[in-house]
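What follows is the residue order along each chain.
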Amino acid sequence: MSNIWETYKLPIIGIVVVVIALLASIVVVPEEEQAVVIRAGNPVYKLNAYDPDEPSQAGVYLHIPFYDRVQRIERRILDLEMEPQEVLSNDQQRLLVNAYARFRIVDPVRMVERAGTTDGVRSALEPILNSVLRQELGRRTFQAMLTAERGTALDNVQANLDRQARQYGAQVIDVQIKRTDLPSGAPLDSAFERMRSDRQREARTIRATGDRDARIIRADADAEAARIYADSYSQDPDFYDFYRAMQSYDRTFGTGEDAGESSIILSEDNEYLRQFRGGR
Amino acid sequence: MMRALSARIGLAMAGKSPWGGRKNGNGSGDDGASDGGPDGSSSGPGGPRGPKNPWLPGGGGSDDDDGKRRSANIEDIFRNRGPEGPRRSGGGPGGPNFRMPTGPGGRSWIPLVAVLVVSIALLSTMIHIVQPEERAVVKTLGNYTRTYEPGFNVSLPWPIETVEVENVQGVRSFEIPGESAQQKLILTGDQNLVDVSYLVRWNIKDLANYKFELAEPEVTIQEVAEAAMRASVAEKTLNDTFSGQGRSEIETAVRERMQRVLDGYRSGIQVRGVEIDKADPPSEVNDAFRDVLVAQQNADAARNQARGVAQQVLQNAQGETAAFDRVYEEYRQAPEVTRRRLYYETMERVLRQNDKVVIEADGVTPYLPLPELRRRQSAGTPAPTATATAPRPAASPSPSATGQE
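Visitor: How do you make sense of the overall build of chain B when you look at a structure like this?
Guide: Helix and strand counts for chain B come out as 14 helices and 10 strands. Of all 405 residues assigned to chain B, the portion counted as buried reaches 39%. Intrachain contacts of chain B at a sequence separation of at least 6 include 65% that bridge at least 24 residues.

What follows is the structure, encoded as structure tokens:
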């Protein structure tokens, strides 16, 4: 071994140096990333930059070791979330809005120059998203704000934000309103109060409807009963009169739980006593 | 001196015994004996010696080579390990040649072993068995080249090609709000608030897109779900969100909306379903909502009661008229007689139960003994008797409740 080392000392050192140099000058850019080569502080060219029309250029690249610096940048879609903030609608109602945007770095060189990192892009875009959203929603009524995604509001927000984002080499793909809430405190309480009174009204209405229905049902039955009576008794009103009178006497002068004491004074020419007199 | 060092290293390593516990290692006599039929006798004695100091025979071996090579102490170690390699990977000619760490032709075993170890390591990064529910993306030097379908796949070894396996069929799910959050109020179209919790199920439609399009797919899908749910609920009224019909419409709308947005991102995500667990009024106004339910029950109760009364009225009417009809039927057969009979029977009942005074002549001044009657009444001897109601003519109906109606 030592013989080999002594004999081939220079070539071995040479090979090792070459290998190290090669390793140092190779940069592997995976599918998920793009990279900017910064030569002496200047971003000079980009690797695997996102281009929707081209297949990705991920792979192995060479650069000048130690002189070039390679900055890796996310190539996939990134997320920009905004802090919830109150937006005033044009009918003076407050709404707590929380939106998010999705963006992608499409010009990494510009991004490195103007924002440094993707976090730099985020912090640059967030206030813009806030103000654009506030402007756009502020022109709408409260009701329209609730369903803003159906209208053009979000398209406008996206277009505005995209215009600003291009300065940082980013493209805004989508803006969505994640939450629209009533601010806590008075607006939320008054909403609850309104819901409560709404329900109370509903409950009263339901009870009244129930009473009305009950009354109608009973009246219908009474009417039907009257018809049944009339149908039957009108066969012979004269006999009904007699029959009913008999029943009535029974009840009036009869005994029962609640029957009162009664005395009857009969005159001698009473019909009942006709036979009593023995005459006819 | 070198040899002493080599022996020390050997001893240290033997002490560590990195392969002592292995199957077929020298550690156990049993394994040694069952190692192979004819070789058993020769490897048997080697076995028990091995674990104590496996390097000893090697030391002897190195003596042979001493003349040729002085500085190959590391080689010595490997040379003595040499036979272990082939034995571990399924026997080989190592057994009988245990003491002779040179191969045929006097060449060293080292290259062979090195190649074997390296190739095993490489093979393990080259062979990928993809399960039926999985897919795998292959990146060649970072560049996405292909997707593996289920089955047996071979790739280039590790640093050149990397393979990421992911379960794509398995349906994943998450719940919003998560367990930590309390209630999540969503504004409805009629500006009411509803407390909704729901479950989203999804899986991966296109693994390459899933891997390479979104930086944070899981966060993204949650945010998309939330945005879609709020947008869909905002299109509905409060009552819609409580009704089954409205709920299923919201579920469908959320799923479609999510899929549209996710497809816009080319996320490779398929939304399988959105299920609303709960859509309740906020707890602050729960009492009022409950009162509505109570009111509904009250109203139903009132209706039911009315129906009961109505039935009673109708049945009474039918009963009474039926009775009248029967009697009238009889009456028509013999009107005069029936009339008389009814009259007398009724009078009988009535008069029997009451005090009677008959005033006969014109000239008599009628005296009504009212005080007397009062006295009798208060004395507690009531005139009416129970027998009064007993005999009833068959044709005559019970007077029942006629008078009350």
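Now that the structure has been shown, the text picks up again.
Visitor: How should the pairing of strand β8 (residues 193-204) of chain B be read in this particular structure?
Guide: On any regular strand, side chains alternate: one points to one face of the sheet, the next to the other face. All names here are of chain B. Among the 12 residues of β8, 10 are classified as buried, and the element is accordingly described as predominantly covered. Where strand β7 (residues 185-187) lies against β8, three bridges are found, and the strand directions are antiparallel. Across the sheet, the residue bridging to Leu 185 is Asp 195, located in β8. The hairpin formed by β7 and β8 contains five residues between the paired strands, and Gln 191 there has a positive phi angle of roughly 60 degrees.

Visitor: What should I look at first to understand the interface of chain A and chain B in this one?
Guide: How big an interface is tends to be reported as the loss of accessible area on association of its parts. Contacts between chain A and chain B engage 93 residues on the former and 103 residues on the latter. Along the contact surface separating chain A from chain B lie nine salt bridges. The shortest N-O distance in the salt bridge between B:Asp291 and A:Arg207 comes to 3.3 Å. Where chain A packs against chain B, one counts 20 residue pairs in polar contact (both at pLDDT 80 or more). Per-element tally for the side of chain A that touches chain B: the top contributor is helix α7 (residues 186-233) of chain A, with 26 residues. Among the residues forming the side of chain A that touches chain B, the class breakdown is 41 nonpolar, 19 polar and 33 charged.

Visitor: Mind showing me how you'd approach the packing of aromatic side chains here?
Guide: The geometry of an aromatic ring pair is captured by the separation of the ring centres together with the interplanar angle, meaning the angle of the planes. One pass over the full model with this rule turns up 16 aromatic pairs over all chains. A ring pair is formed by A:Tyr229 and A:Tyr233, whose centres lie 5.8 Å apart and whose planes are at 20 degrees; its orientation type is stacked. With A:Tyr229 and A:Tyr233 both in helix α7 and four residues apart, the pair spans about one turn of that helix. Judged by its relative accessible area of 19%, A:Tyr229 falls in the buried class. Here A:Tyr233 falls in the buried class, since its relative accessible area comes to 12%. A centroid spacing of 5.8 Å and a plane angle of 75 degrees characterise the contact between A:Tyr240 and B:Phe324, whose relative ring orientation is edge-to-face. Of this pair, A:Tyr240 sits in helix α8 (residues 237-253) while B:Phe324 sits in helix α12 (residues 286-333), which puts the two residues in different chains. Every member of this aromatic cluster is reached through a ring pair, and the members are A:Tyr229, A:Tyr233, A:Phe239, A:Tyr240, A:Phe242, A:Tyr243, B:Phe324, B:Tyr328 and B:Tyr331. Here the guanidinium or amino end of B:Arg339 rests over the ring plane of A:Phe242, the centre of that ring lying 4.8 Å away.

Visitor: What's the story with the packing of α7(A) against α12(B) in this structure? I'm lost.
Guide: Taken N-terminus to C-terminus, the directions of α7(A) and α12(B) make an angle of 5 degrees; their axes are 8 Å apart at the nearest point. One finds that α7(A) runs roughly parallel with respect to α12(B). Looking at the contact of α7(A) with α12(B) residue by residue, the classes come out as 24 nonpolar, eight polar and 14 charged.

Visitor: For this particular structure, what's the right way to read the sheet that holds strand β2 (residues 134-140) of chain B?
Guide: Strand-to-strand pairing in sheets goes through backbone hydrogen bonds, with the strands running parallel or antiparallel. All names here are of chain B. One open sheet holds the three strands; their spatial order is β3-β2-β5, and the pairing between them is antiparallel. Each edge of the open sheet is held by one strand with a lone partner, namely β3 (143-148) and β5 (161-167). Across the sheet, the mean angle from the axis of one strand to that of its neighbour is 25 degrees, orientation sign disregarded. Relative to β3, β2 runs antiparallel, the two being bridged by five bridges. Bridge pairing links Val 138 to Arg 146 in β3.

Visitor: For this particular structure, what's the right way to read the pattern of salt bridges?
Guide: When the charged atoms of two side chains lie near each other, side chains of opposite charge can form a pair. One pass over the structure, following the stated rule, counts 44 salt bridges over all chains. For A:Arg227, the salt bridge is made with A:Asp231, and the minimal N-O distance between the two is 2.9 Å. Taken together, the positions of A:Arg227 and A:Asp231, both in helix α7 and four residues apart, correspond to about one turn of that helix. Here B:Arg201 makes a salt bridge to B:Glu275, at a shortest N to O gap of 3.0 Å. With B:Arg201 in strand β8 and B:Glu275 in strand β9 (residues 269-280), the pair connects residues that are 74 residues apart, well separated along the chain. Assessed through its relative accessible area of 27%, B:Arg201 is described here as partly exposed. Residue B:Glu275 is classed as partly exposed on the basis of its relative accessible area, which comes to 28%. Several salt bridges share partner residues, and in doing so they unite A:Glu32, B:Lys139, B:Glu164, B:Glu166, B:Arg172 and B:Lys211 into one network.

The rules we used
- Residues numbered from 1 in each chain as written.
- Chains lettered and ligands numbered in written order.
- Predicted model: local features only at pLDDT ≥ 70, side-chain atom pairs only at ≥ 80, totals over all residues.
- Heavy atoms only, no water.
- Helix = DSSP H or I, 4+ residues; strand = E, 2+ residues; numbered from the N terminus.
- Buried < 20%, exposed > 50% of the residue type's maximum accessible area, 1.4 Å probe, protein only.
- Contact = heavy atoms within 4.5 Å.
- Pairing = 2+ DSSP bridges.
- Salt bridge = Lys/Arg side-chain N within 4 Å of Asp/Glu carboxyl O.
- Polar contact = N/O pair within 3.5 Å; in protein donor to acceptor, adjacent residues only side chain to side chain.
- Nonpolar A, V, L, I, M, F, W, Y, C, P; charged D, E, K, R; others polar.
- Phe/Tyr/Trp six-rings, centres within 6.5 Å; stacked < 30°, edge-to-face > 60°.
- Lys NZ or Arg CZ within 6 Å of the ring centre and 35° of its normal.
- Axes fitted to C-alpha atoms, helices over the stretch in contact; angles between N-to-C directions.
- Parallel < 35°, antiparallel > 145°, perpendicular 65-115°, else oblique.

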